[in-house]
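# Commentary on secondary and tertiary structure
Take a look at the letters that make up each chain.
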Amino acid sequence: IKTADYLDNGNNKMAIQQADKLLKKHKDLHCAKVLKAIGLQRTGKQDEAFALAQEVAALEPTDDNSLQALTILYREMHRPELVTKLYEAAVKKVPNSEEYHSHLFMAYARVGEYKKMQQSISAQDENLSKTMFLPLAERMVEKMVKEEKIEAEAEVELYYMILERLEKYQEALSVVRGKLGEKLTSELQSRENKCMAMYKKLGKWPECNALSRRLLLKNSDDWQFYITYFESIFQLIDYNWTPPAEGEHSLEGEVHYSVEQAVKFVEERITEEAKSSRPLRGPYLAKLELIRRLQHRGCNDEYKLGDPEELMFQYFKKFGDKPCCLTDLKVFVDLLPSSQYTKFINQLLGVIPLSAPVDGDLALPADIKALQQHLCVVQLSRVLGLYHSIDKTQKLSVVRELMLRYHHGLQFGKSCLKTELQFSDYYCLLAVHLLLDLWLEEGEELAVWQSLTLLEEGLSHSPSNAQFKLLLIRIYCMLGAFEPVVELYSSLDAKHIQHDTIGYLLTRYAEALGQYAAASQSCNFALRFFHSNQKDTSEYIIQAYKYGAFEKIPEFIAFRNRLNSSLHFAQVRTERMLLDLLLEANISTSLEESIKSMSLSPEEDDIPWKDLRDNRDLTVLFNWDPKDRDISEEHRRLSLEEETIWLRIRSLTLRLISGLPSLSHAFQPKNSEKAAENGVSSKIDTIRTLLQQLEVAMDSGKRFLEQTIQYPVLGPPPTRMAGFFSNGSCQCQTSLFYLVSDIYELDTNGLEDSTDIQERIGNSLKSLLEQLTDLFNKCKGDLIEVRDGILKTHPNVLENLVFFVETLSITLWISSYCDSVLRPFKSNLQKKKKKKKETSIVMPPVFTSFLDYVTELQTLTSNVIDHIKGLEVMLTALKLEELSLEDTLLSQEEKKFTKTVQGKVQSSYQHSVQEIGELLKKRLDTVKKLKI
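Predicted, not measured: the structure shown is a model, and the values here were computed from it.

This part is about the overall build of the protein chain. Within the protein chain, the secondary structure is distributed over 40 helices and two strands. For the protein chain, the spread of C-alpha atoms along the three principal axes comes to 115 × 85 × 60 Å. Relative to its 932 residues, the protein chain shows a buried fraction of 51%. Sequence-distant contacts in the protein chain: of pairs separated by 6 or more residues, those separated by 24 or more amount to 72%. Element-wise, carbon and sulfur atoms account for 51% of the exposed surface of the protein chain, whose accessible area totals about 44,100 Å². Side chains of the protein chain carry 116 positive and 133 negative charges; the gap between the two charge centres is 5 Å.

Attention now goes to the domain arrangement of the protein chain. Here the domain parsing of the protein chain yields domain 1 (1-118) and domain 2 (728-734 + 750-931). Using C-alpha coordinates to define each centre, domain 1 is positioned 55 Å away from domain 2.

One pass over the structure, following the stated rule, counts 19 aromatic pairs. The interplanar angle of 65 degrees and the centroid separation of 6.2 Å between the aromatic rings of Tyr284 and Phe319 together place this pair among those described as edge-to-face. Of this pair, Tyr284 sits in helix H15 (residues 282-296) while Phe319 sits in helix H16 (residues 308-319), and the two are 35 residues apart along the sequence. For Tyr284, a relative accessible area of 22% gives the class partly exposed. Ring geometry for Phe724 versus Phe725: centroids 5.7 Å apart, planes at 80 degrees, classification edge-to-face. Phe725 shares its class with Phe724; the two are buried. Through a chain of ring-to-ring contacts, three or more aromatic side chains come together here, namely Trp646, Phe724, Phe725 and Phe803.

Next up on the list: the environment of Gln170. Note that Gln170 resides in helix H10 (residues 169-177). For Gln170, a relative accessible area of 36% corresponds to the partly exposed category. Excluding anything up to four places from it in sequence, Gln170 contacts Leu202 and Lys204.

This brings us to the environment of Val786. Relative to the helices and strands, Val786 resides in strand E1 (residues 784-787). Note on Val786: relative accessible area 40%, which makes it partly exposed. The sequence separation of Val786 and Leu880 amounts to 94 residues, and the corresponding C-alpha distance is 9.3 Å.

Turning to unusual backbone geometry, a few remarks are in order. Of note, the phi angle at Glu167 is positive, near 60 degrees, even though the residue is not glycine. If you trace the backbone, Glu167 turns up in the loop between helix H9 (153-165) and H10. Here Glu167 falls in the partly exposed class, since its relative accessible area comes to 48%. The backbone of Thr708 shows a phi angle near 35 degrees, a positive value even though the residue is not glycine. In this structure, Thr708 sits in the loop between helix H34 (680-706) and helix H35 (721-726). Taking the relative accessible area as the measure of exposure, Thr708 reaches 64% and is therefore exposed.

It is worth spelling out the packing of helix H23 (residues 466-478) against helix H24 (residues 483-492) at this point. Where H23 contacts H24, the two axes come as close as 9 Å, and the packing angle between them is 155 degrees. By the angle between their directions, the pair H23 and H24 is classed as roughly antiparallel. Considering only the axes of H23 and H24, their crossing is left-handed. Contacts between H23 and H24 involve Ala466, Lys469, Leu470, Leu472, Ile473, Tyr476 and Cys477 on the former and, on the latter, Pro484, Val485, Leu488, Tyr489, Ser491 and Leu492. Considering only residue class, the contact of H23 with H24 consists of 11 nonpolar, one polar and one charged.

Before going further, it helps to examine the pairing of E1. With four bridges connecting them, E1 and strand E2 (residues 790-793) associate as antiparallel partners. In the sheet register, Arg787 faces E2, and the bridge partner there is Ile790. Where E1 folds back on E2, the antiparallel hairpin that results is connected by two residues, among which Asp788 adopts a positive phi of roughly 50 degrees.

Let us look at the pattern of salt bridges. Throughout the structure, instances matching the rule amount to 48 salt bridges. Between Glu555 and Lys552 there is a salt bridge, and its shortest N-O distance comes to 3.7 Å. Of this pair, Glu555 and Lys552 are both found in helix H28 (residues 552-564), three residues apart, which corresponds to roughly one turn of the helix. The class of Lys552 is partly exposed, set by a relative accessible area of 30%. Counted as one network, the salt bridges with shared partners bring together Lys264, Glu268 and Arg269.

Glancing now at a positive patch on the surface. Taken together, the side chains of Lys2, Lys21, Lys24 and Lys25 define a basic patch exposed on the protein surface. Inspection of the secondary structure puts Lys25 in helix H2 (residues 12-25).

The next point concerns H15. Given a rise of 1.5 Å per residue, 15 residues ought to cover 21 Å, and the 21 Å separating the end C-alpha atoms of H15 matches this to within 8%. Of the positions making up H15, those classed as buried are Gly282, Pro283, Leu285, Ala286, Lys287, Leu288, Glu289, Leu290, Ile291 and Leu294. A positive phi of about 85 degrees marks Gly298, the residue just after H15.

As a further point, take the confidence of the model for the protein chain. A residue-level look at the protein chain finds 94% of positions with pLDDT of 70 or above and a mean pLDDT of 88. Here residues 117-125 is modelled with pLDDT under 50, and outside its nearest four sequence neighbours on either side it reaches 15 contacts, counting other chains as well. Counting contacts from residues 666-675, a segment whose pLDDT is below 50, to residues more than four positions away or on other chains yields 14 contacts.

Turning next to the nonpolar core. Membership of the largest hydrophobic core comes to 231 residues, with the highest contact counts inside it found for Ile649 and Phe804. The greatest single-element share of this core, amounting to 18 residues, is contributed by helix H38 (residues 795-836). In this view, Phe804 contacts Leu772, Leu775, Phe776, Cys779, Leu860, Val864 and Leu920; residues no more than four positions away in its chain are not counted.

Moving on: the packing of helix H13 (residues 223-238) against H15. To characterise two packed helices, one gives the angle between the axes of the helices and the distance between these axes. Close contact between H13 and H15 brings their axes to 11 Å; oriented N to C, the two are set at 30 degrees. Here H15 runs roughly parallel to H13, going by the angle between their axes. Pair H13 / H15 crosses with right-handed handedness. Contacts between H13 and H15 involve Trp223, Tyr226, Ile227, Phe230, Glu231 and Phe234 from the first element and Gly282, Pro283, Leu285, Ala286, Glu289, Leu290, Arg293 and Leu294 from the second. The residue makeup of the contact of H13 with H15, split by class, is 10 nonpolar, one polar and three charged.

This brings us to the side chain of Ser809. Tracing the chain through its elements places Ser809 in helix H38. Ser809 gets classed as buried once you look at its relative accessible area, which sits at 0%. A polar contact is formed between the side chain of Ser809 and the backbone oxygen of Val805, at a distance of 2.8 Å. In this view, Ser809 contacts Leu582 and Arg923; residues no more than four positions away in its chain are not counted.

On to the side chain of Glu153, then. Mapping Glu153 onto the fold places it in helix H9. Buried Glu153, no salt bridge; nearest opposite-charge side chain is Lys194, N-O distance 6.7 Å. At 3.2 Å, the side chain of Glu153 forms a polar contact with the backbone nitrogen of Thr185. Contacts of Glu153, omitting those with residues within four sequence positions, involve Lys183, Leu184, Thr185, Ser186 and Glu187.

Looking now at the environment of Ser815. With respect to the element layout, Ser815 can be found in helix H38. Given the relative accessible area of 3%, Ser815 is considered buried. In sequence terms Ser815 and Ile743 are 72 residues apart; their C-alpha atoms lie 9.8 Å from each other. Here Ser815 is in contact with Phe850, Tyr853, Leu857 and Leu930, once residues within four sequence places are set aside.

Moving on to the state of the cysteines. In total, this model carries zero disulfides according to the counting rule given. Counting only cysteine sulfurs, Cys325 is the nearest neighbor of Cys324, a cysteine outside any disulfide, at a range of 6.7 Å. For Cys324, a relative accessible area of 21% translates into the label partly exposed.

Definitions and limits used
- One numbering rule holds for all chains: residues counted from 1, following each sequence as written.
- Only residues with pLDDT of at least 70 get local features here, since the model is predicted, and only at 80 or more are side-chain atom pairs given and counted; chain-wide, interface and lining totals rely on the full set of residues.
- To get the side-chain values, take all heavy atoms of the structure and skip hydrogens and water.
- Under the DSSP-based scheme used, a helix requires at least four consecutive residues in state H or I and a strand at least two consecutive residues in state E, with every element numbered from the N terminus.
- Exposure categories follow from relative accessible area, calculated using a 1.4 Å probe and restricted to protein chains: below 20% of the type maximum is buried, above 50% is exposed, and the middle band is partly exposed.
- We call two residues in contact whenever any of their non-hydrogen atoms come within 4.5 Å of each other.
- Surface accessibility follows the Shrake-Rupley procedure with a 1.4 Å probe radius. Residue values consider only the protein chains on display as shielding.
- The positive count covers Lys and Arg only, the negative count covers Asp and Glu only, and His and the chain ends enter neither.
- Every charge is mapped onto a representative atom, which is NZ of Lys, CZ of Arg, CG of Asp or CD of Glu.
- What marks off one domain from the next here is an automatic or database domain assignment.
- Any pair of Phe, Tyr and Trp rings, taking the six-membered ring for Trp, is counted once the centres come within 6.5 Å. Such a pair is stacked with planes under 30 degrees apart, edge-to-face with planes over 60 apart, and tilted for the rest.
- Only the contacting stretch of a helix is used when fitting its axis, a line to C-alpha atoms as for every element, and angles between N-to-C directions run 0 to 180 degrees.
- Angle categories: roughly parallel below 35 degrees, roughly antiparallel above 145, roughly perpendicular from 65 to 115, and oblique for all the rest.
- It is the rotation of the near helix from the far one that decides the hand of a crossing: anticlockwise by less than a right angle makes it left-handed, clockwise makes it right-handed.
- Here the term charged refers only to Asp, Glu, Lys and Arg, the term nonpolar to Ala, Val, Leu, Ile, Met, Phe, Trp, Tyr, Cys and Pro, and the term polar to all other amino acids, Gly among them.
- Strands are treated as partners if at least two bridges between them are detected by DSSP.
- For salt bridges, the criterion is a side-chain nitrogen of Lys or Arg within 4 Å of an Asp or Glu carboxyl oxygen.
- Patch construction takes residues with relative accessible area above 30% that form no salt bridge. Like charges are linked within 9 Å, and nonpolar side chains (Val, Leu, Ile, Met, Phe, Trp, Tyr) are linked within 5 Å.
- For a helix, the expected span equals 1.5 Å multiplied by the residue count minus one.
- Residue-level confidence of the predictor is summarised by pLDDT, bounded by 0 at the bottom and 100 at the top.
- What makes a nonpolar core is a set of buried Ala, Val, Leu, Ile, Met, Phe, Trp, Tyr and Cys residues whose side-chain atoms join them at distances within 4.5 Å.
- Two N or O atoms form a polar contact when they lie within 3.5 Å of each other; inside protein one atom must be a possible hydrogen donor and the other a possible acceptor, and for residues adjacent in sequence the pair counts only when both atoms belong to side chains.
- Two cysteine sulfurs form what is called a disulfide whenever their separation falls within 2.5 Å.

Right, dumping it as structure tokens:
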């Protein structure tokens, strides 16, 4: 007990001493050995701990203390699979122990051994579960029902789940409606919701209708039941359903089956609402929903439900000061004819209590309620497209007005805590959206600096506003400045699943903009979450079994699968490995060691291509754009297609690089049998197959880019693919991998009869240098220039530089493979020369080609390094404060924020250029070593 206490208090050394004392007296005390092992594990002596634990495990202990202590130890070692072995042995020895069986079951769940968990449904084989496991489970539960052994709600839930998965919907319905269903009490309306689900599956529309009608009489604000009520009524109308002449309409009572009944029902709900103690939105929105459905079916106003415009106006009067008013009405704006938009907005403005304007001043709200109403109208104006149809001068005057209203509204939030948002924040956000229109649609360069200024100012008043931060992240990235983004993202404090849903905002740009250290860090954030999820989800599943929350188990399994097949997870894994190779391979470790440490192999592809899930939240940025400018399903589909093609190109590139070291293991030339034994000939086949696949992926990429797709500004960011093709990296990297194949051939055939191959290699090396020089030319030009006192940025210069460094690194890995093939040939030639005592021997052409190529490669790399130094000098010399901020839009106070913003972009560029320069210098050292 003392030893365990020491361990609990974190006093591991004393625990080890105490265990040693015990073991002196009783040298076979299993439990003491394991407790000592835990102490060793926690003091960093993992190997000793493991050896000691395995010594005990080999004896297959069955005492509870040893088993529990070993379980704790294995968990700390992250070896859950050893726990299963432990309890498998214990169950064999004590087959009647329910406790050990339970522990074994949980151990299987922890390592995801579903096949061994008979009770759980094998996700891999739906058929097996439907033909074997589920019927078995059904019979077991039926037996319990017959013997009246079902007592807990969890057991009824389980029975329902089994029947539902067996598609025995009628039986499931009988269970829920019968005596057992009375036990379903822990969730609100659990019974009704399950009945409704089964009625829908069975197509019992009369029951659906009657049940939803009954539930709406109880609570006329429950939106889901309005939807079912309308759905079922139109189904019944389409089937010409009429109630039976005698008896009940349906199992659930009275059924409505005509539009007249629906109209009357909705009107009655509105009348009832007037008597309610608090205002209810449901009945009013239901009326609009019914109008929308009738219009959709081609019925005009024959049912006299009223004019949508008037109904929306009345709704605004009732709920206009609530933030939900905008999202409620946004759904129904299609009911308004576009000719009525301006009239409708003016009608709304007319009922907001604003102060009387003095001498052309703005009419301003006197309290928060009026401010909320006004803000709702402004947002609606944007949704209706009224701000898109005006010209540049009008847009700027709207921005001015919105910012005035924003500043005025700050007075209402003086007592707000730092964590609360200011009431007028959305005025600022809307102003920024207008400025972004000017920047991106009309090429107004000043507008982007103004939008950053306003966002930074907004953030100073409302430091917790996530929308300000997200939009700042997006704009800084579009300008090519990644440095300020790191801090912004970490202040968002993204939790758990958000690393998958919004992580793309970070990982898409970090490496692309040359901030390698930050890129590693942002990949780590995401990967840490994905890896811990695999462990955590097992825990959740076990807890769900333990506490009988069976309906949660499939949800957890689906959640785990959704994350394991996440597109973002696959992207981050791939980019992280490419990044590590870029930063380390042949610099701090050899390429071979780097690939080995990542357990990479060209044959293996761990990306679940067929099941890739796009979990990105593409609507995380608030947006009041009209439908035709908003992100559509088509945009989502195209973005996923683009991301997948790009991932395929990156993943194949990584696999091709990982195949290089396996080729350069020397073997006897010309002896193909020996080569096949060494498995090298199959390695080159793998490389050639991957190269064909890369060509196919590149073709898909080219075809995709020909569509020149423009996503909405706040929609998904495009991938790096367009740059990869337009700057020539794509052609360059492909020809590099073809060169590998030629060098391999030279290696197998030897120097004597290979003039063709040598000539091919010589030509490839020449054209490679030309391609690299072209790529370098695309990296020339200033990153920032000042035109007419306005700052203009060229982030594509940065992106091209990053591609250059990456392509150069691949060039050097392949050159060192070439070097490793040519070196032995050269020393053999020199040996011959000594033997024959000849003064000179003719060097094969491939040597001269390679040496010339290395010399030119060195010159090219030095030139790029000089160019980067030039960029650094230019960035340092740029005096931002001298920019004539002839900006009529911003106040002097706001211009301070402009300076800050421009300073951040300048400093970020300096940082990127520095990191790229450092990496290139390291690469230059590797070029210098390439002397055969």
